[in-house]
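The chain contents come next:
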Amino acid sequence: MSSRLGTLSAGPMSSDGRHLMILPGDATELVDPSLTPEDLAERYGLDEVVRAPKINFCSAVYLDGPLAGSTTRYAINQIGSRIDCALSPRPGGPRGTYKLVKLAEGDRPAELRLVLELDEDETLANQPAST
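Residues numbered from 1 in each chain as written. Predicted model: local features only at pLDDT ≥ 70, side-chain atom pairs only at ≥ 80, totals over all residues. Heavy atoms only, no water.

## A short note on the overall build of the protein chain
Put simply, the rule reads: Helix and strand labels come from DSSP, where a helix needs a run of H or I of at least four residues and a strand needs a run of E of at least two; each type is numbered from the N terminus. Every radius of gyration here is taken over C-alpha atoms, with the globule rule written as 2.2 Å times N^0.38, N being the number of residues. Exposure is judged per residue with a 1.4 Å probe applied to protein chains only, and the accessible area is read against the type maximum: over 50% gives exposed, under 20% gives buried, and values in between give partly exposed. For this analysis, residues touch if any pair of their heavy atoms sits within 4.5 Å. This count recognises Lys and Arg as positive and Asp and Glu as negative, with His and chain-terminal groups excluded. Charge placement uses NZ in Lys and CZ in Arg. For Asp and Glu, CG and CD serve respectively.
Summing up its helical and strand segments, the protein chain has one helix and nine strands in all. Taken from the N to the C terminus, the helices and strands of the protein chain come in the order β-β-β-α-β-β-β-β-β-β. Taken over the C-alpha trace, the protein chain has a radius of gyration of 20 Å; the compact-globule value for 131 residues is 14 Å, which it surpasses by more than 25%. Its C-alpha atoms put the protein chain at 50 × 40 × 25 Å along the principal axes. Residues counted as buried form 27% of the 131 residues belonging to the protein chain. Across the protein chain, every contact between residues at least 6 apart in sequence was considered, and the portion connecting residues at least 24 apart equals 33%. The distance from the centre of the 13 positive side-chain charges to the centre of the 19 negative ones in the protein chain is 5 Å.

## Quick look at the nonpolar core
Heads up, the condition is: Remark: nonpolar core denotes a set of buried residues (Ala, Val, Leu, Ile, Met, Phe, Trp, Tyr, Cys) joined through side-chain atoms within 4.5 Å.
Ranked by size, the top nonpolar core spans twelve residues in total: Cys58, Ala60, Tyr62, Ala75, Ile83, Cys85, Leu87, Tyr98, Leu100, Ala104, Ala110 and Leu112. With three residues, strand E5 (residues 57–62) is the single largest residue contributor to this core. The contact partners of Cys85, leaving out residues within four places of it in the chain, are Leu67, Pro94, Arg95, Gly96 and Tyr98. Judged by nonpolar contacts, the second largest core, of nine residues, contains Leu8, Met21, Leu40 and Leu46.

## Description of the pairing of strand E1 (residues 5–12)
Formally: Pairing between strands requires that DSSP locate at least two bridges from one strand to the other.
Summarising the sheet, E1 and strand E4 (residues 48–51) pair through four bridges and their orientation is parallel. Across the sheet, the residue bridging to Gly6 is Val49, located in E4. Judged from the three bridges that link them, E1 and strand E2 (residues 19–22) form a sheet pairing that is antiparallel. Bridging from a neighbouring strand, Leu8 pairs with Met21 of E2. Here E1 folds back onto E2, and the loop between the two strands holds six residues, one of which, Gly17, carries a positive phi near 90°.

## Some remarks on the side chain of His19
Filter applied, for reference: Polar contact is the term for a pair of N or O atoms within 3.5 Å; when the atoms are in protein, one must be able to donate a hydrogen and the other to accept it, and sequence-neighboring residues count only if both atoms are side-chain atoms.
Structurally, His19 can be placed in strand E2. In this structure the side chain of His19 is engaged in a polar contact, spanning 3.5 Å, whose partner is the backbone oxygen of Gly11. In contact with His19, other than residues within four places in its own chain, are Leu8, Ser9, Ala10, Gly11, Pro12, Met13, Glu29, Leu30, Val31, Pro33 and Arg51.

What follows is the structure in C-alpha cells.
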C-alpha cells in the first residue's frame, strides 16, 4: 500500500504569500504558510508532507563550444549542475551538455563549459561518462 504524500513549495507561489502544495493525483492547492506539515497532512488526509528544496536559478554564460558567448537565464546556481540543450540546426541537430563551473555572484552570471556534444545520430547510451 503506497503512502499519500504532499509536496509543499519552498517559497511563496502567489502574491498573497501562499505556498503551492502538490497532492496525490497531481492536484494542487495554494495553502497558508503558517500551517505546519502536520496541519496540512491532517487537512488533506495525507500520510506525510515534505517541503521541496529551493532551487536557485541564475543567468549564465556559455564559455566554449557551439554556444560560446551566448547566455541563458535558467541555470541552477550550483557547481556541477548541467544544462542539456539542442544545438543548431534545429530541429534534429546535435545536442550538447554544459556544466556550471563558476557560480553567479551579484550581477556577474555563472559560467558554463561544454562537457559533451552529440551528433544527431548518437545517443547518450554509447558515450563515455564525462566529469
